[in-house]
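# Commentary on secondary and tertiary structure
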Amino acid sequence: MNRTAVVTGASSGIGEATARRLAAEGFDVVAAARRRDRLDKLAAEVPGIRAVTLDVTSQESVDELAASLDRCDVLVNNAGGAVGLEPVASGDVADWQKMYDINVLGSLRVTQALLPRLVESGDGVLVMLTSVAGLVSYEGGGGYNAAKHAQSSMAEVLRLELCGEPVRIIEIAPGMVHTEEFALNRFRGDSSAADRVYEGVPGPLSADDVADAVSWCVTRPAHVNIDRLVIRPRAQAAQYKIHRV
Ligand code: 8X3
């Protein structure tokens, strides 16, 4: 039986690219997300991918995902995102709650539901897709920085708590990745504002670049734990140091 990888947020961007890449590596991939139409297209196109509807903010939905699995060897907690770029002083509490619920509690719910399966597999791998926003804070980052720092802490704590169990805990923290939706969601659908994020940047990362990193991390030998992998485009030396032409 093939190893099974569950990827959350698999209907677009990094999640979709990761589902495709892990299927190419020979995993049976469970592509999980809310938007079933997109998942069904992906599953029809790529052999080895199965679509499962998942809302990581619903415990019931997460429980249904867990019940639908025969096994789980790899879990990629990718579902997440940013809403808003307001200063802390005027940030919307509802935006902060949404970011916390999806990025942090979403990862918590799915992790709690699938951890027994990862342990049972004898060589489980949990990937927490965080962000450089979880390592370095920036003006306007408020709620997203807080959520990504929390998610990053969760990965560290899990690694400590599971030491001795056959499960690796890997954090992947990407910098600037040009995906279809990340900036668009952050700017509430304002495509001009979203485009300005990447304007003139020669070669921001693509979703495939991050999927490549996920694939490399999860295919190392069982005794090798890549604790944290930070991946940025060459043009982004730091959060504030971005080369534009
Ligand atoms: C996205 C990276 O720099 O926009 O996770 O916060 S950043």
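Report on the accompanying structure. (Residues numbered from 1 in each chain as written. Predicted model: local features only at pLDDT ≥ 70, side-chain atom pairs only at ≥ 80, totals over all residues. Heavy atoms only, no water.)

### Some points on the overall build of the protein
Heads up, the condition is: Secondary structure counts use DSSP, requiring at least four H or I residues in a row for a helix and at least two E residues in a row for a strand, with both numbered from the N terminus. With C-alpha atoms as the basis for the radius of gyration, the globule rule is written as 2.2 Å multiplied by the number of residues raised to the power 0.38. Residue contacts follow a heavy-atom distance rule, with two residues in contact if any of their heavy atoms lie within 4.5 Å. Accessible surface is estimated by sampling points in the Shrake-Rupley manner with a 1.4 Å probe; for residues, cover comes only from the protein chains shown. The convention is simple: Lys and Arg are positive, Asp and Glu are negative, and His and the chain ends are not counted. A single reference atom marks each charge: NZ on Lys, CZ on Arg, CG on Asp, CD on Glu.
Along its length, the protein carries eight helices and seven strands. Taking 2.2 N^0.38 as the reference for a compact globule, 245 residues should give roughly 18 Å; the C-alpha atoms of the protein span a radius of gyration of 17 Å, in line with that estimate. In terms of overall dimensions, the protein has C-alpha extents of about 50 × 40 × 35 Å along its principal axes. Look at the contacts in the protein between residues 6 or more apart in sequence, and 68% of them connect residues 24 or more apart. Accessible area of the protein: about 11,200 Å², with a carbon and sulfur share of 52%. In the protein, which carries 25 positive and 32 negative side-chain charges, the distance between the mean positions of the two groups comes to 4 Å.

### Comments concerning the pairing of strand β3 (residues 49–53)
The two faces of the sheet receive side chains in turn, since in a regular strand these alternate between them. Inclusion rule: Between any two strands, at least two bridges found by DSSP are needed for them to pair. Handedness of a crossover: with both strands directed away from the viewer, a clockwise path from the first strand across the helix to the second marks it as right-handed.
Pairing geometry for strand β2 (residues 28–33) and β3, over five bridges, is parallel. From the neighbouring strand, Ala32 faces β3, where its bridge partner is Val52. Taking the sense of rotation as the criterion, the β-α-β connection linking β2, helix α2 (residues 36–45) and β3 turns out right-handed.

### A few points about the sheet that holds β3
What counts is decided by this rule: Whenever a helix is involved, its axis is fitted only over the stretch in contact; in every case the axis is a line through C-alpha atoms, and angles between N-to-C directions fall within 0 to 180 degrees.
Taken together, seven strands build an open sheet; the order of strands is β3-β2-β1-β4-β5-β6-β7 and the sheet is parallel. Each having just a single partner strand, β3 and β7 (228–231) make up the two edges of the open sheet. Direction aside, neighbouring strands of the sheet carry axes that sit 15° apart on average. Taken together, the three bridges between strand β1 (residues 4–8) and strand β4 (residues 74–77) define a ladder with parallel strand orientation. The partner of Val6 across the bridge, within β4, is Leu75. The strands touched by helix α8 (residues 207–218) within the sheet are β4, β5 (124–129), β6 (167–174) and β7, with β6 carrying the most contacts at an inclination of about 160°.

### Details of helix α7 (residues 191–198)
The periodicity of an α-helix, 3.6 residues per turn, causes residues three or four places apart in sequence to face the same way. Note the cut-off: Burial classes: relative accessible area under 20% of the type maximum marks a residue as buried, over 50% as exposed, and values in between as partly exposed (1.4 Å probe, protein chains only). Within this analysis, the arc is defined by the directions that extend from the helix axis to the C-beta atoms. The definition of a polar contact used here is a pair of N or O atoms within 3.5 Å, where within protein one atom must be able to donate a hydrogen and the other to accept one, and adjacent residues in sequence count solely through side-chain atom pairs.
Within the sequence span of α7, burial applies to Ala193, Ala194 and Tyr198. Projected onto a plane normal to the axis of α7, the buried residues spread over an arc of 145° and lie on a single side. Against the buried residues of α7 lie α6 (182–186). At the N-terminal boundary of α7, the capping side chain belongs to Asp190, with an oxygen 3.1 Å from the backbone nitrogen of Ser192. Looking one or two places after α7, you find Gly200, whose phi comes out positive at around 75°.

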